[in-house]
Amino acid sequence: MLRFAKPWLQPEQDGPAKAVWLRLWHTQQDFDNMNIANGDSDAEILNSGVGSINQSTVSLTNGINSDKSVFFNRRRKVENRASTKGMNLYQEPLVGEFGGCPWRQKGYNYKRGVLGLHEEIEHFYEWARPNQLEHAVRGEVVTRMENIILSLWPDAQVQVFGSYRTGLYLPTSDIDIVVIGRWSNLPLRTLEKAFLEQDIADQSTIKVLDKASVPIIKLTDKQSDIKVDISFNMSNGLKSAELIKDFKREFTVLPKLVYVLKQFLLERDLNEVFTGGISSYSLILMCISFLQLHPRPDRLSSANLGVLLIEFFELYGRKFNYMQTGIRVKDGGCYISKEEMQKEMADGHRPSLLCIEDPLTPSNDIGRSSYGVLQVKRAFDYAYVVLTNSVNPLNNFTNDCARHSILGRVVRVTDEVMRYRSWLHQTFAPIYNSTVTGGTTMFTSNRHHHQHNNHHHHVTGGGAHRHHRSLSSSGSTDSVDSNASSEGDLNDTDKTVSRSNRTETTAHLVPETATTPTIPKVQQSTTSDNTEFHATTQTSKNNIIDVGHTWIMPMYTW
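Note that this is a predicted model, so its numbers are computed, not measured.

Asks: Explanation requested: the overall build of the chain in the structure shown.
Replies: Secondary structure assignment for the chain yields 14 helices and 13 strands. Of all 558 residues assigned to the chain, the portion counted as buried reaches 54%. Sequence separation of at least 24 residues holds for 70% of the intrachain contacts in the chain that already meet a minimum separation of 6. For the chain, the computed accessible surface area is about 25,200 Å², with 50% contributed by carbon and sulfur atoms.

Okay, here's the thing in structure tokens:
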């Protein structure tokens with residue numbers, strides 16, 4: 001059953017009326033949950049401590065204390081630290097300590113409207129992307145996994161792919177590993193047993209999905225609490241990662257848009273296909289298609305990121321024809337009719353609602369398993385409405401980015417993510433003997449500062465300081481020069497690194513001098529006229545498909 005997220009309450013809605021209605025809602029919830037046994041209730045009431053479970057709170061019903069008359073505060077085990085479920089009712093335990101907008105820099109004078117949104121996206125990218133220590137910790141996780149795998153099958157090859165290989169991963173993202181070898185039957189249970197014997201993960205965190213279309217082992221590393229997905233003989237993942245890196249070099253704004261959009265879906269639990277969302281690969285291909293077919297491709301490198309984000313939400317939240325149109329990114333990109341795409345699909349398969357042609361295997365539909373794409377579409381539509389209203393020059397309250405975060409109206413970082421990132425640095429910085437900025441994480445709590453929206457918390461990957469980053473992993477990041485490229489490009493090696501060399505590589509970190517990133521200047525619009533473009537795309541030299549969407553940029557320009 002799909003879960004439809006409710007719109008967040010915004011700062012202008014704060015006041016006595018909001019408090020009264022929330023108290024009424026809580027009271028009603030109390031009555032609804034009375035006389036319901038623990039095993040029969042689906043209520044998930046967030047305690048004052050996020051993630052805590054309390055099933056022993058017993059209330060008096062008609063003066064009788066009974067085990068069957070229980071009102072309890074309980075919550076299922078939360079695997080997504082970034083989830084903002086229940087934001088309206090439980091804002092204090094979710095983002096009350098750090099404010100939910102750690103990317104905002106203290107003392108920075110954010111401009112109004114879409115210019116301020118552009119600056120916030122820049123700062124969010126600087127804050128969210130991994131730094132040297134986080135790369136190294138993940139590299140060490142890969143090393144330990146590889147050592148165990150090669151001890152079982154010396155001739156096997158261990159490679160990383162996905163967001164870890166491309167460098168487009170969030171602080172809580174998992175690591176994707178593929179094991180390439182020859183087996184008559186995939187050794188899923190053998191590897192699971194080895195991980196348990198080597199104390200890599202707890203039994204409760206290992207899941208063997210042997211019935212899935214792509215059998216994988218999902219586990220959580222005990223030392224770092226990083227999630228890892230291990231598959232077998234899936235070489236396409238490596239080629240896909242290289243393809244994305246090529247597009248990163250072509251579109252310098254791609255990583256910044258992807259980071260914001262991945263966080264947007266992650267906090268709404270829409271980032272996994274099996275929970276009704278879309279995969280990270282699908283999202284990136286949607287971004288690439290959006291940039292390829294943009295009406296002003298020659299100005300994308302210097303474009304306002306706020307405008308691009310709003311246009312993306314508008315396209316896929318309102319204008320895109322999901323029923324008849326498929327997405328193709330190869331050969332410069334185009335939209336194609338699903339009837340034409342079905343001709344290339346094998347075994348009688350039909351295009352899915354979110355139909356994205358695999359650029360490496362044209363007969364494969366990347367979005368075929370995304371059964372909850374309409375929920376994603378609704379979330380994009382919601383974000384478009386919120387951001388469009390927020391950057392309206394006529395609204396002096398919402399477009400004041402210096403007073404309230406505009407990006408924070410659709411994106412929030414939970415306190416759990418902040419605490420985890422802080423713990424990661426405090427735990428592993430001494431081990432690596434690293435002087436990475438943010439290794440000793442300093443948080444600015446809202447409980448000490450009321451004006452939290454203008455405070456920049458110096459957390460992992462903070463926007464103010466960056467170093468060269470290195471890690472060891474087969475085909476993954478060998479070095480990251482954050483100063484050489486605004487997109488944080490990863491310089492990868494495709495050769496399989498030997499176990500001894502890999503261990504040596506991750507043993508030492510050599511941070512270099514950091515520099516302060518700059519925000520590209522954006523010119524204020526000099527006209528209030530709406531500029532409108534009608535988008536058509538070409539499937540071939542002779543065929544034009546009108547996908548029926550309009551690009552609208554009201555009252556602002558680049």
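Asks: Sorry, what's going on with helix α6 (residues 188-197) here?
Replies: Helical periodicity: at 3.6 residues per turn, an α-helix aligns residues three or four positions apart in one direction. Three or more residues of α6 are buried, namely L188, L191, E192, A194 and F195. One face of α6 carries all of its buried residues, which in axial projection span an arc of 160°. Opposite its buried face, α6 presents the exposed residues K193 and E197, each directed more than 90 degrees away. Residues of α6 that are buried in the fold lie against α4 (132-152), β3 (207-209), β4 (216-220) and β5 (227-232).

Asks: Explanation requested: the packing of helix α8 (residues 254-266) against helix α10 (residues 305-319) in the structure shown.
Replies: Axes are the key here: two packed helices are described by the angle between their axes and the distance separating the axes. At their nearest, the axes of α8 and α10 sit 11 Å apart, and the two run at 50° to each other. Relative to α10, the element α8 lies oblique. Helix-helix and strand crossings are classified by hand; for α8 and α10 the assignment is right-handed. Where α8 abuts α10, its residues K256, L257, V260, L261 and F264 lie against L305, L308, L309, F312 and F313. Looking at the contact of α8 with α10 residue by residue, the classes come out as nine nonpolar, no polar and one charged.

Asks: Looking at this structure, I do not really get the pattern of salt bridges. What am I missing?
Replies: Between side chains of opposite charge, a pair can form as their charged atoms come close. Under the criterion given, the structure shown has 22 salt bridges. Between D415 and R419 there is a salt bridge; the shortest N-O distance is 4.0 Å. Residue D415 and its partner R419 are located together in helix α13 (residues 415-432), separated by four residues, close to a single helical turn. On the basis of relative accessibility, which here comes to 1%, the residue D415 falls in the buried class. A relative accessible area of 39% places R419 in the partly exposed class.

Asks: Can you help me understand the sheet that holds β3 in this one?
Replies: Hydrogen bonds between backbone atoms are what pair the strands of a sheet, whose relative direction is either parallel or antiparallel. Read from one edge to the other, the open sheet built from five strands follows the order β1-β2-β5-β4-β3, with strand pairing classed as mixed. What marks the edges here is a single partner per strand, and that holds for β1 (157-161) and β3. Sheet twist, expressed as the average angle between the axes of neighbouring strands with direction ignored, equals 20°. Where α4 meets the sheet, its contacts fall on β1, β2 (175-180), β4 and β5, and the angle it forms with β2 comes to roughly 25°. Lying on the sheet, α6 is in contact with β3, β4 and β5; it crosses β4 at an angle near 15°.

Scoring rules and cut-offs
- Residues numbered from 1 in each chain as written.
- Predicted model: local features only at pLDDT ≥ 70, side-chain atom pairs only at ≥ 80, totals over all residues.
- Heavy atoms only, no water.
- Helix = DSSP H or I, 4+ residues; strand = E, 2+ residues; numbered from the N terminus.
- Buried < 20%, exposed > 50% of the residue type's maximum accessible area, 1.4 Å probe, protein only.
- Contact = heavy atoms within 4.5 Å.
- Areas by Shrake-Rupley, 256 points an atom, 1.4 Å probe, with all protein chains shown as cover.
- Arc of directions from axis to C-beta.
- Axes fitted to C-alpha atoms, helices over the stretch in contact; angles between N-to-C directions.
- Parallel < 35°, antiparallel > 145°, perpendicular 65-115°, else oblique.
- Left-handed = near helix turned anticlockwise from the far one by under 90°.
- Nonpolar A, V, L, I, M, F, W, Y, C, P; charged D, E, K, R; others polar.
- Salt bridge = Lys/Arg side-chain N within 4 Å of Asp/Glu carboxyl O.
- Pairing = 2+ DSSP bridges.

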